[in-house]
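Residue strings, one per chain:
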Amino acid sequence: MGRLRIKINIKLVHRLRRAGLGWRTIARRYYSYTKKDISWMTLKRRLIEAELAAQEGNAGH
């Protein structure tokens, strides 16, 4: 059994990334907005997973 998967706000992470912020800064800002302490690496991985899932969904249509 692993850790519980924390639901993150992908749209917030995407907006912060589009603003040109680095991943560690995004992790600090994400915490200040949501009060959820999540590592920058987890945020990066989840954003990439969401982007890949969106690409696969668009490729099927």
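Not measured: the values here are computed from a predicted model.

Here we take up the packing of helix α1 (residues 10–18) against helix α3 (residues 40–59). One can describe the packing of α1 onto α3 by two numbers: an axis separation of 10 Å at closest approach and a directional angle of 100°. When the axes of α1 and α3 are compared, the pair comes out roughly perpendicular. Contacts from Ile10, Val13, His14 and Arg17 of α1 reach α3 at Leu43, Arg46, Leu47, Ala50 and Glu51. Here the contact of α1 with α3 is built from residues that sort into five nonpolar, one polar and three charged.

At a minimum axis distance of 10 Å, the contact between α1 and helix α2 (residues 23–34) shows a crossing angle of 135°. Judged by the angle between their axes, α1 and α2 are oblique. Remark: the crossing between α1 and α2 carries right-handed chirality. The residues of α2 that touch α1, namely those facing Leu12, Val13, Leu16 and Arg17, are Trp23, Ile26, Arg29, Tyr30, Tyr33 and Thr34. Here the residues of the contact of α1 with α2 are counted per class, giving seven nonpolar, one polar and two charged.

With that out of the way, let us pick up α1. Leu12, Val13 and Leu16 are the residues of α1 that are buried. Within α1, the buried residues cover an arc of 100° as seen down the axis, which keeps them to one side. Of the exposed residues in α1, those oriented more than 90 degrees away from the buried face are Lys11, Arg15 and Arg18. Those residues of α1 hidden inside the fold are in contact with α2 and α3. The backbone nitrogen of Lys11 lies 3.2 Å from a side-chain oxygen of the residue at the head of α1, namely Asn9. Among the residues trailing α1, Gly20 stands out with phi positive, at a value near 90°.

What counts, and at which threshold
Residues numbered from 1 in each chain as written. Predicted model: local features only at pLDDT ≥ 70, side-chain atom pairs only at ≥ 80, totals over all residues. Heavy atoms only, no water. Axes fitted to C-alpha atoms, helices over the stretch in contact; angles between N-to-C directions. Helix = DSSP H or I, 4+ residues; strand = E, 2+ residues; numbered from the N terminus. Parallel < 35°, antiparallel > 145°, perpendicular 65-115°, else oblique. Contact = heavy atoms within 4.5 Å. Nonpolar A, V, L, I, M, F, W, Y, C, P; charged D, E, K, R; others polar. Left-handed = near helix turned anticlockwise from the far one by under 90°. Buried < 20%, exposed > 50% of the residue type's maximum accessible area, 1.4 Å probe, protein only. Arc of directions from axis to C-beta. Polar contact = N/O pair within 3.5 Å; in protein donor to acceptor, adjacent residues only side chain to side chain.

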